[in-house]
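Topology and contacts: notes
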Amino acid sequence: MGIVIRQSFKNLIIIYFGLAIGYINALWLYPLILSDSEIGLIRLLISVSFLFATFASLGAINIPAKYFPYFNNKKQQHNGFLFFLIIFSLFGFTLFSILFISFKDVIFNIYSQNAPLLLHYFYYFLPFTFIILFINLFKSYLVIQQKPVLPNLINEVLIRTFIVIGLICYFYSLFNFGEFINFLLVAYIIGLVALLLYTKSLGALFLKPNFSVFKSKYLKALLIFGGFSFLGNASNMIIANIDGLMLSAYKGLGQTGIYTIAFFIATVIEIPKRSLSQSVISLVSEGNKNNDIGLLEKLYKKTSINQLIIGALIFIGVWVNIDNIFHIMPHSNIYIQGKWVVFYIGLGKLFDMATGINGEILGTYYKYDLIFLIALGFVAVITNLIFIPIYGITGAALASAISVFSFNTARYFFLLFKMKIQPFSLNTIKVLIICAVTFIFNYFIPVERIAIVDILIRSILIASLFGVLIVVTKSSEDINSVILKVFNLIRKKLK
């Protein structure tokens, strides 16, 4: 796990730096500069474009994770693997564009009453979808070659920095809102260009027509896998975005804007999972290829406990400070409506982290995973239909949490019965007890009147107690090892 830990650490630094920029955007600049409806529009424009990019890719984004090892030969330009992915994606985007324009009237009928601003930017979905599709494609292509750092730097830092610049320009009336949306599109274009240049610098930008994949004996299996991945990803993205889509239709863009801010606060919890999953994906791919159950079980358990520890600490830190977080936001009286959105979304993400890399391991059994995804797609739609009209944004968050719990539980039992592996251990129970002790300890910390001071004191005390208990109980071999190395490094520097 040494390489995994090093890659994860680099990714975490980048992702959390990007998250800091994102928090400046979401918790201060967005509420200060934009209306709740404008925030809702931006949320839909970006998140739905990611959904559409999943449809348009026809599964190409997932193909590298499973089939790149079969074509991996740099001297032979990976046997035209990148060329195949690009052609496949262009074909998918063309089909998607035709369908998207064909359903224009249906979309207008759904959103014309409660979200008319969305319809004004209807055609922006096409260029955003195209750019995001190829950003995701090249990111997938680089991650499988154990080059996840720069793609994360572009996604998490570069694009968010451009958003800060755009918001400031809008605030000082250098842009109107329409020009800000154009600037946002340019930011994503710059991100794609940066990925292309980085791929070229690695000597891996093989664009010359090469039809080796089309002639390969793996083509049929690859296309079948792509088809199942397409259906699975589509279901997964529907689950992830159905809340925003249905909120906008039922309650309008304003409520979607409030939901977006609360949702973003909760996303900090899942950052370690994103980092660690990217770092182990090549190992999981090799393990699946070689049917190495021992390696897969080892990765499954280690990612589960490490993700649970880091995710639990962040969840506790966010929730014990939640009132303070909303208090320091501009227009806090509006956005505090999303308090329980943070709780339910955060709880769902924590459970997702605790179940480890179940989705990556299930790459071998993608047909079964598709069944889970389709079933959960129906669960997500039904629960949103039930809870949004009754509870509004809190109902959307509750529906999302139910979907995440159900989906990961299904994956857990499948891997348990099919491969005889599961991610939990005695250490899992230790961590849960430590979480309970830490939550109880929070109630004995005196409340400071100044919100920032209270956040700092409460966070330091909570993190210190949690960290000491994790180290003393030896809940994670990897985390203890990292902490020991840090202490040794500090001791050497002091000497």
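Keep in mind it's a predicted model, so treat the numbers as computed, not measured.

Describing the overall build of the chain
Within the chain one finds 23 helices and zero strands. For 495 residues, the compact-globule formula gives about 23 Å, and the C-alpha radius of gyration of the chain, at 23 Å, lands near that figure. Sorting the 495 residues of the chain into buried and exposed places 54% on the buried side. Of the contacts made within the chain by residues no fewer than 6 positions apart, 84% connect residues no fewer than 24 positions apart. In the structure as shown, the chain presents an accessible area of about 22000 Å², 69% of it carried by carbon and sulfur atoms. Distance from the positive charge centre (37 side chains) to the negative charge centre (18 side chains) of the chain: 12 Å.

Some thoughts on a nonpolar patch on the surface
A cluster of nonpolar side chains, namely Ile328, Ile450, Ile452, Val453, Leu456, Ile457, Ile460 and Leu461, defines an oily patch on the protein surface of about 680 Å² accessible area. Relative to the assigned elements, Ile457 resides in helix α22 (residues 451-473). Judged by relative accessible area, which is 34%, Ile457 ranks as partly exposed.

So, unusual backbone geometry
We note that His331 has phi near 55°; this positive angle belongs to a residue other than glycine. One can find His331 in the loop between α15 (322-327) and α16 (332-335). Among the residues examined, His331 registers a relative accessible area of 43% and is labelled partly exposed. One non-glycine residue, Lys420, lies in the positive phi region at around 60°. By secondary structure assignment, the location of Lys420 is in the loop between α20 (393-418) and α21 (426-442).

Here's the deal with the confidence of the model for the chain
When pLDDT is averaged across the chain, the result is 84; 93% of the residues are at 70 or more. Averaged over each element, pLDDT in the chain is lowest for helix α1 (residues 2-33) (70) and highest for α21 (95).

Describing the pattern of salt bridges
On inspection of all chains with the given rule, the structure shows six salt bridges. Of the charged contacts in the structure, one is a salt bridge between Lys302 and Asp478, with a shortest N-O distance of 3.7 Å. In this pair, Lys302 sits in helix α14 (residues 293-320) while Asp478 sits in helix α23 (residues 477-494), placing the two residues 176 residues apart along the sequence. The buried category is assigned to Asp478, whose relative accessible area is 12%. Between Asp323 and Lys339 there is a salt bridge; the shortest N-O distance is 3.2 Å.

Things to note about the environment of Ile42
Within the secondary structure, Ile42 is located in helix α2 (residues 36-57). In the structure, Ile42 is positioned 215 residues away from Gly257 in sequence and 8.5 Å away in space, judged by C-alpha atoms. With near-sequence residues (within four places) excluded, Ile42 lies in contact with Tyr30, Leu34, Phe177, Phe180, Ile181 and Leu184.

Some thoughts on the packing of aromatic side chains
Applying the stated criterion across every chain yields a total of 31 aromatic pairs. By the ring-pair criterion, three or more aromatic residues cluster together here, those being Phe52, Phe96, Phe100, Phe122, Tyr123 and Phe125. Over the aromatic face of Phe263 sits the side chain of Arg43, whose NZ or CZ is 5.3 Å from the ring centroid.

Thoughts on the side chain of Ser140
Among the structural elements, Ser140 can be located in helix α7 (residues 125-143). Residue Ser140 is classed as buried on the basis of its relative accessible area of 15%. Reaching out from Ser140, the side chain makes a polar contact with the backbone oxygen of Ile61 at a distance of 2.6 Å.

Observations concerning the packing of α14 against α22
The N-to-C vectors of α14 and α22 enclose an angle of 155°; their axes lie 10 Å apart at closest approach. The angle between the axes of α14 and α22 places the two elements in the roughly antiparallel class. Crossing angle aside, the handedness with which α14 passes α22 is right-handed. For the pair α14 and α22, contact is made by Ile309, Ala312, Leu313, Ile316 and Val320 and by Arg458, Ile462, Ala463, Phe466 and Ile470, respectively.

Side note on the side chain of Thr303
Tracing the chain through its elements places Thr303 in helix α14. We classify Thr303 as buried; its relative accessible area is 0%. A distance of 2.7 Å separates a polar atom in the side chain of Thr303 from the backbone oxygen of Leu299. Of note is the side chain of Thr303, whose polar atom sits 3.1 Å from the backbone oxygen of Tyr300. When residues no more than four places from it in sequence are discounted, the contact partners of Thr303 are Leu276, Val280, Met353, Gly356 and Ile357.

A short note on the packing of helix α12 (residues 253-267) against α20
α20 packs onto α12 with a crossing angle of 55° between their chain directions and a minimal axis gap of 10 Å. As far as their axial angle goes, α20 and α12 are oblique. Like other packed secondary-structure pairs, α12 and α20 cross with a definite hand, here right-handed. Along the contact surface, α12 presents Gln255, Ile258 and Tyr259, while α20 presents Ile393, Ala396, Ala397 and Ser400. Along the lines of polarity and charge, the residues of the contact of α12 with α20 split into five nonpolar, two polar and no charged.

Points about the environment of Gly92
Mapped onto the elements, Gly92 comes out in helix α4 (residues 81-102). Look at Gly92 and you get buried, because its relative accessible area is 2%. It is 5.5 Å that separates the C-alpha atoms of Gly92 and Ser57, two residues lying 35 residues apart in sequence. Those residues in contact with Gly92 that sit more than four places away from it in its chain are Ala56 and Leu58.

Thresholds applied
Residues numbered from 1 in each chain as written. Predicted model: local features only at pLDDT ≥ 70, side-chain atom pairs only at ≥ 80, totals over all residues. Heavy atoms only, no water. Helix = DSSP H or I, 4+ residues; strand = E, 2+ residues; numbered from the N terminus. Rg over C-alpha atoms; globule rule 2.2 N^0.38 Å. Buried < 20%, exposed > 50% of the residue type's maximum accessible area, 1.4 Å probe, protein only. Contact = heavy atoms within 4.5 Å. Areas by Shrake-Rupley, 256 points an atom, 1.4 Å probe, with all protein chains shown as cover. Lys, Arg positive; Asp, Glu negative; His and termini not counted. Charge placed at Lys NZ, Arg CZ, Asp CG, Glu CD. Patch = residues over 30% accessible without salt bridge, like charges linked within 9 Å, V, L, I, M, F, W, Y side chains within 5 Å. Salt bridge = Lys/Arg side-chain N within 4 Å of Asp/Glu carboxyl O. pLDDT = per-residue confidence, 0-100. Phe/Tyr/Trp six-rings, centres within 6.5 Å; stacked < 30°, edge-to-face > 60°. Lys NZ or Arg CZ within 6 Å of the ring centre and 35° of its normal. Polar contact = N/O pair within 3.5 Å; in protein donor to acceptor, adjacent residues only side chain to side chain. Axes fitted to C-alpha atoms, helices over the stretch in contact; angles between N-to-C directions. Parallel < 35°, antiparallel > 145°, perpendicular 65-115°, else oblique. Left-handed = near helix turned anticlockwise from the far one by under 90°. Nonpolar A, V, L, I, M, F, W, Y, C, P; charged D, E, K, R; others polar.

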